[in-house]
Every structure is written in structure tokens, then in C-alpha cells.
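# Observations on the model geometry
Each chain, letter by letter, is given below.
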Amino acid sequence: MDQNRTAVLEMQINRTIEQLKKNQMDACYVSNKELALQKVKEWLKPGSTVACGGSMTLEECGIMDLLRSGAYHFLDRNAPGITPEMRQQVYQQAFGADAYLCSANAITEQGELYNVDGNSNRVAALVFGPKQVIVVAGYNKLVKNIEEAVLRVKHIAAPANAIRLGCDTYCAKAGHCISETIGEGCRSKDRVCANYVVSAQQRIKDRIRVILVGEELGY
């Protein structure tokens, strides 16, 4: 990215960070995924109990390797040999975690987080439970408003994730959702867009902390 495009991007990021802070969410900008990893290290206390949602962004930043490093009590939903029953226990235990890490499907310039889930353990923990939530997102997740966020999920995030997860959904086959209206979608048992959550002003100041990264990350 040339310096002129970078300057425009940083203006958008600064506007978004300002609004996130007005909405009682801590937020910062780092230029690359290596610095995002370092910021997560700063915010996590060694020995603390941590959990996470499924996220390509966390994988790409090396954050999953950090969580599995032994420095933390990691509630690993994908631990070797884990059974569906054990995974369900991990989902429930995550509500008592010291920190929960995830990405966002979209972040608006009004300082709102927009997330859509199928299983919905991620949006549940984002909304309530863990003492701290750390959201890591590349600049490709930035949108102007909720309307753009809805379309971003239906045309980019949901189809890509459905393909990644091997879901038998309309979007996995067509590359876009069957509908452009929030809440509407296919009737597949594998549907990845069951619950839609907008995180606006927070009651607990700085419980949610957002790291915006100057790279394209995740879907």
C-alpha cells in the first residue's frame, strides 16, 4: 500500500478509534500483525484463564500459538482429542475466563462491532461473561455503517467461512447470501448466520478492547 492510501486508511482508522472510545471500548492501531501479537501479549497476564472464538485473524497473527504456548490457562476448543461434549464444556467455561479473544465480522466508523454467528458461543462471550474481551481486526473489516456491515458479512465473511468449514449452505455454493436483508438467509442446518449482534455503547468501560491492524486479516 502506497503512502497516500495509507494516509487515507489511517484517517478512517482514527475516526473509528475515536468513536469506539466514545462507546466505552478501548481501542488502538498497530501497523502489522506482528505488533498486534505484541499488543495482545501486553494485555494478557501470564497464568490467566483465556478462551477464544474461531478466527482466521487470530491464526494469521500468531495469537493462537501464543495462547497454546503454556503461558496461560487456555480453554482450547480445538485441543487434540476433544469430544463434542468436552467442547461444549469449554464454551460454557469461557464465560468465566479472565480474557476472551476473537475478531469481528465488521467494525463501523460509528464505533460499533458487528458480528454474526451460527453456533453463537463467540457472540455470547463477547456480550457477557469474560472479564476482558480483546478483538483483533484487520483494516478490511472497517465499514461506514451497519448497512455496509450487513452486506460485508453476506458477500464476504459468511461465504468464505462456510466454505472453510465445509458447510452445506447457499452462500458456500453461490459465493453470497440468498438475501441481503439482516436476519434472512437459507434454511440449511449448517447456516452460519443464526444470530446477529451489534455492540454499541458498553456499560462496562474498556471491558472490550479493540486492536485495529493495518493489514488485511481474516474474512
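Below or above, wherever it landed, is the structure these notes cover. What you are looking at is a predicted structure, and each value in this text was computed from that prediction instead of being measured. (Residues numbered from 1 in each chain as written. Predicted model: local features only at pLDDT ≥ 70, side-chain atom pairs only at ≥ 80, totals over all residues. Heavy atoms only, no water.)

All right, on to the side chain of R122 then. Turning to its location among the elements, R122 is positioned in helix 6 (residues 121–127). Looking at R122, its side chain comes within polar contact range of the side chain of N115, at 2.6 Å. For R122, the contacting residues outside a window of four places in its chain are Y100, C102, S103, A104, N105, N115, V116 and D117. (Helix = DSSP H or I, 4+ residues; strand = E, 2+ residues; numbered from the N terminus. Polar contact = N/O pair within 3.5 Å; in protein donor to acceptor, adjacent residues only side chain to side chain. Contact = heavy atoms within 4.5 Å.)

Turning our eyes to something else, we now look at the environment of V135. Topologically, V135 is positioned in strand 7 (residues 132–138). Each C-alpha atom of the pair V135 and A104 lies 6.7 Å from the other, and the pair is 31 residues apart in sequence. For V135, the contacting residues outside a window of four places in its chain are C102, S103, A104, L113, L126, I208, R209, V210 and I211.

The next point concerns the pattern of salt bridges. Pairing between side chains of opposite charge can happen when their charged atoms approach one another. In the structure shown here, the tally under the stated rule is 11 salt bridges. Among the ionic pairs, D26 bridges to R209, the shortest N-O distance being 3.1 Å. One end of the pair, D26, is in strand 1 (residues 26–30); the other, R209, is in strand 10 (residues 208–213), and 183 residues separate them in sequence. The two residues D26 and R209 agree in class, both being buried. One salt bridge in this structure joins K205 and D206, with 3.1 Å as the shortest N-O distance. (Salt bridge = Lys/Arg side-chain N within 4 Å of Asp/Glu carboxyl O. Buried < 20%, exposed > 50% of the residue type's maximum accessible area, 1.4 Å probe, protein only.)

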